[in-house]
Amino acid sequence: MAAQAPGTAVLVALCVVAFLGTVGHCVAGAGGSPAGLESLWTMQRCDASLEGAGALVLGRVWVDGQWWRVPTTGLLHGSWLHLTLNMWSLLV
């Protein structure tokens, strides 16, 4: 694998940190229920955590004027599988 640009490494690190924070918040809020295991393939139980982290919710963008959600949604991922495939794509 060729040497990566520093910006790519920073972007990967930001995405991983955002994902770990979202999963941690979700699992803590769910009392350790199956949300941790389900995060391997879906974060359906974690909608509130994702929204709190800045996920794209069109109503909040258009009606509430929360335009900051547009760039932050690119750092969030819906599962470990989603994160892994996206980070692999960035690195390749």
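Look up: the structure comes first, before these words.
Residues numbered from 1 in each chain as written. Predicted model: local features only at pLDDT ≥ 70, side-chain atom pairs only at ≥ 80, totals over all residues. Heavy atoms only, no water.

1. Some words on the environment of Val 61
Moving on, step 1. Position of Val 61 relative to the elements: it lies in helix 4 (residues 58-62).
Moving on, step 2. The exposure class of Val 61 is buried, given its relative accessible area of 2%. (Helix = DSSP H or I, 4+ residues; strand = E, 2+ residues; numbered from the N terminus. Buried < 20%, exposed > 50% of the residue type's maximum accessible area, 1.4 Å probe, protein only.)

2. A short note on the packing of aromatic side chains
Moving on, step 1. Taken as a whole, this structure holds two aromatic pairs when the rule is applied.
Moving on, step 2. Taking the centre distance of 4.7 Å and the plane angle of 80° together, the rings of Phe 19 and Trp 80 count as edge-to-face. Here Phe 19 is found in helix 1 (residues 6-29), whereas its partner Trp 80 is found in helix 6 (residues 80-91), with 61 residues between them in sequence.
Moving on, step 3. On the accessibility criterion, Phe 19 (1% relative accessible area) is buried.
Moving on, step 4. The class for Trp 80 is partly exposed, based on a relative accessible area of 31%.
Moving on, step 5. Centroid distance Trp 62 to Trp 67: 5.0 Å. Interplanar angle 80°. Geometry classified as edge-to-face.
Moving on, step 6. A relative accessible area of 47% means that Trp 67 is categorised as partly exposed. (Phe/Tyr/Trp six-rings, centres within 6.5 Å; stacked < 30°, edge-to-face > 60°.)

3. Regarding the pattern of salt bridges
Moving on, step 1. Scanning the entire structure with this criterion turns up one salt bridge.
Moving on, step 2. As a salt-bridge pair, Arg 60 and Glu 51 come within 2.5 Å of each other at their nearest N and O atoms.
Moving on, step 3. A residue is classified by how much of its surface remains accessible, and Arg 60, at 30% relative accessible area, is partly exposed.
Moving on, step 4. For Glu 51, a relative accessible area of 26% corresponds to the partly exposed category. (Salt bridge = Lys/Arg side-chain N within 4 Å of Asp/Glu carboxyl O.)

4. A short note on the side chain of Arg 69
Moving on, step 1. Of note, Arg 69 is situated in helix 5 (residues 69-72).
Moving on, step 2. The buried charged residue Arg 69 lacks any salt bridge partner; its closest oppositely charged side chain belongs to Glu 51, at an N-O distance of 4.6 Å.
Moving on, step 3. With residues near it in sequence (within four places) discarded, Arg 69 still touches Glu 51, Gly 54, Ala 55, Leu 56, Val 57, Arg 60 and Val 61. (Lys, Arg positive; Asp, Glu negative; His and termini not counted. Contact = heavy atoms within 4.5 Å.)

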